[in-house]
Amino acid sequence: SGDKLAVSAKAAKMSVFAANQMEIIGDDDDREIKLPLVKTEHLRHIIDWCEHHAENNPTEFASPLPTGPFEHLATAWENDFLRRIECDAVPPTMMSDVANAANFMHIDPLINLICAKLALKVRPMSPDEIYDYFGVSAPTTQQLKDLEETYPWLKEEEEDEEEAVGEAAGGVAEGAAEVSSSSSS
């Protein structure tokens, strides 16, 4: 949008994109890095996050995410930051936009924070509730077929999961048969 925002070199380097640009053009305090694809309102939040985390390590999230309230997984500052980017709005437009901007700027810890918050928020939801939350419609049958054609591994993973469930169910049934036959002798 043409606006110029100040940021410390240490905070700017939290972005791989900005760090690479600084390496090319120099990291003098008066250098300008152009981000034409990032809106000023989103960049303000990103700079706020980077300035804070230039001095404070960002939260690292376990994989898979533990259950329980997200507020216990992140710092108080990070929880407040998420409230400021309207993480509880439906749909979470600001949070999605900040995540997309952070992705463009390659700031993985910020992306991880937002994705962890979203993941725990949608974890208990049904697919229809998730579509409603994000303000999108469910994919059509044709769209699903197109995805399977474009990404054949999606179908393979689904088949592998069905096979594993079938094997597990068969093993339980066999175990039950063995238990009942050994108890009747």
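Above this note sits the structure.
Rules and cut-offs
Residues numbered from 1 in each chain as written. Predicted model: local features only at pLDDT ≥ 70, side-chain atom pairs only at ≥ 80, totals over all residues. Heavy atoms only, no water. Salt bridge = Lys/Arg side-chain N within 4 Å of Asp/Glu carboxyl O. Buried < 20%, exposed > 50% of the residue type's maximum accessible area, 1.4 Å probe, protein only. Helix = DSSP H or I, 4+ residues; strand = E, 2+ residues; numbered from the N terminus. Axes fitted to C-alpha atoms, helices over the stretch in contact; angles between N-to-C directions. Parallel < 35°, antiparallel > 145°, perpendicular 65-115°, else oblique. Contact = heavy atoms within 4.5 Å. Nonpolar A, V, L, I, M, F, W, Y, C, P; charged D, E, K, R; others polar. Expected span 1.5 Å × (residues − 1).

J.: Residues and numbers for the pattern of salt bridges, please.
T.: Side chains that differ in sign of charge can pair as their charged atoms come close. Using the criterion set out here, one finds six salt bridges in the structure. Across the pair Glu-32 and Lys-34 runs a salt bridge, and its minimum N-O distance is 3.0 Å. Judged by relative accessible area, Lys-34 falls into the exposed class, the value being 60%. In this structure, Lys-117 engages Glu-71 in a salt bridge whose closest nitrogen and oxygen atoms are separated by 3.6 Å. A residue pair is termed long-range when its members are at least 10 positions apart, and Lys-117 in helix H6 (residues 108–122) and Glu-71 in the loop between helix H3 (40–55) and helix H4 (76–84) qualify at 46 residues. Within this structure, Lys-4, Glu-32 and Lys-34 form a network of salt bridges that share partners.

J.: Tell me about the packing of H4 against H6, and please be specific about residues and values.
T.: Direction vectors running N to C along H4 and H6 enclose 75°, while the axes themselves pass 11 Å from each other. In terms of orientation, H4 lies roughly perpendicular with respect to H6. Of H6, the residues touching H4 (which contributes Glu-78, Phe-81 and Leu-82) are Leu-110, Leu-113, Ile-114 and Lys-117. Among the residues forming the contact of H4 with H6, the class breakdown is five nonpolar, no polar and two charged.

J.: How would you summarise the packing of H3 against H4 if you had to cite specific residues and measurements?
T.: Two numbers describe how H3 lies on H4: the axes approach to 11 Å, and their chain directions differ by 175°. On the basis of their axis angle, the class for H3 and H4 is roughly antiparallel. Touching His-45, Asp-48, Trp-49, His-52 and His-53 of H3 are Trp-77, Glu-78, Phe-81 and Arg-84, all from H4. Residues belonging to the contact of H3 with H4 are distributed by class as follows: three nonpolar, three polar and three charged.

J.: Give me the side chain of Asn-79: which residues, what numbers.
T.: Counting through the fold element by element, Asn-79 comes out in helix H4. Beyond its immediate chain neighbours, meaning those up to four positions away, Asn-79 contacts Phe-70, Glu-71 and Ala-74.

J.: Just give me the short version of H3, but keep the residues and values in it.
T.: With 16 residues, H3 should cover 22 Å at 1.5 Å per step; its first-to-last C-alpha distance of 23 Å lies within 8% of that length. Burial in H3 covers these residues: Thr-40, His-42, Leu-43, His-45, Ile-46, Ile-47, Trp-49, Cys-50, His-53 and Ala-54. Considering only its buried residues, H3 is in contact with helix H1 (9–12), H4, helix H5 (93–105) and H6.

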